[in-house]
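The residues making up each chain are set out below.
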Amino acid sequence: MIERRGFVIHQEFLDRAAQESLVEDLRGVLAQAPLVRPITPRGRPMSVRMSAAGTYGWITDHKGYRYSETHPDGQPWPPIPDAVRAIWDAVSGSDREPECCLINWYGEGARMGLHQDRDEADFGQPVVSVSLGDEGLFRMGNVERGGKTESVWLKSGDVVVMGGEARLRHHGVDRIRFGSSTLLPDGGRINLTLRVVT
Ligand code: SIN
Ligand code: FE2
């Protein structure tokens, strides 16, 4: 376990068998709630594809960023798989249950700009992130915009807890090393973020 600016990084938290089993669970979720390419409120398509499980999913379109109880296709989100809840229980230190498991899929060239996670009601609750597949360069900044940042490569099976002083820090993914992992047969990176929304 290492800590950078309050981000607690559990390296190799999941072994290969656990990662493979999680990917199977996620295939089931995505069969019910297909990945979509979200559009920012300003009309720009994001480079990641997204879906979710749980009571809420996080979505964005021309109306803005928000949590929604339904997929853009109108269906409720599938339940959060038990193995994903178990990760939350093991690392979050929270007595609440996650209400959203956001699924971000990074294909070749996909990235996520520096941002804060701030659409949730209670910033006392952490966000827990699970990385699967190709390595991603995770950048950690400050609560305020700008200033110095530092980065770490997140590998398949790594779990990050963004709580306490890290909860409102800017963070993002500059790039992935496409094809660096054999977990996903067609390459790419999956990141799950677990959040308490209400
Ligand atoms: C996010 O902050 O939403 C994603 C972080 C990651 O992909 O590691
Ligand atoms: Fe985030």
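Small disclaimer: the values here were computed from a predicted structure and weren't measured. (Residues numbered from 1 in each chain as written. Chains lettered and ligands numbered in written order. Predicted model: local features only at pLDDT ≥ 70, side-chain atom pairs only at ≥ 80, totals over all residues. Heavy atoms only, no water.)

Q: What's the story with the side chain of S181 in this structure? I'm lost.
A: Positionally, S181 belongs in the loop between strand 12 (171-176) and strand 13 (189-195). Overall, the relative accessible area of 15% leaves S181 in the buried class. Looking at S181, its side chain comes within polar contact range of the main-chain nitrogen of L183, at 2.9 Å. Beyond its immediate sequence surroundings of up to four residues, S181 is in contact with G133, D134 and S156. (Helix = DSSP H or I, 4+ residues; strand = E, 2+ residues; numbered from the N terminus. Buried < 20%, exposed > 50% of the residue type's maximum accessible area, 1.4 Å probe, protein only. Polar contact = N/O pair within 3.5 Å; in protein donor to acceptor, adjacent residues only side chain to side chain. Contact = heavy atoms within 4.5 Å.)

Q: Please clarify how the coordination of the iron ion (ligand 2) should be interpreted in this entry.
A: Octahedral metals with six donors have ideal donor angles of 90 or 180 degrees. Tetrahedral metals with four donors have an ideal donor angle of 109.5 degrees. Distances from the iron ion (ligand 2) to its protein donors, namely H115 (NE2), D117 (OD) and H171 (NE2), fall within the range 2.2 Å. Each donor residue of the iron ion (ligand 2) belongs to the same chain, and together they define the spacing H-x1-D-x53-H. Here the residue H115 occupies a position in strand 7 (residues 112-115), and H171 occupies one in strand 12, the gap between them amounting to 56 residues. (Donors = N, O, S within 2.8 Å, 3.2 Å for Na, K, Ca; no water.)

Q: Help me understand the layout of surface pockets in this model?
A: In this approach, a probe sized like a water molecule rolls over the atoms, and the result shows the empty space that is left. One number sums up the size of the largest pocket: a volume of about 930 Å³. The wall of the largest pocket is formed by 36 residues, among which M46, Y65, M112, G113 and H115 lie closest to the centre. When its volume is computed, the second largest pocket comes out at roughly 200 Å³. Lining the second largest pocket are V23, L26, R27, L30, L35, W105, L184, P185, D186, G187 and I190. In terms of residue count, the dominant contributor to the lining of the second largest pocket is helix 1 (residues 16-32) (four residues). When grouped by side-chain class, the residues that make up the lining of the second largest pocket number eight nonpolar, one polar and two charged. (1 Å grid on protein atoms, 1.4 Å probe; cavity = no way out; pocket = protein on both sides within 12 Å on 5 of 7 lines; lining within 4 Å. Points joined across faces, edges and corners; volume = space filled by probe spheres on them. Nonpolar A, V, L, I, M, F, W, Y, C, P; charged D, E, K, R; others polar.)

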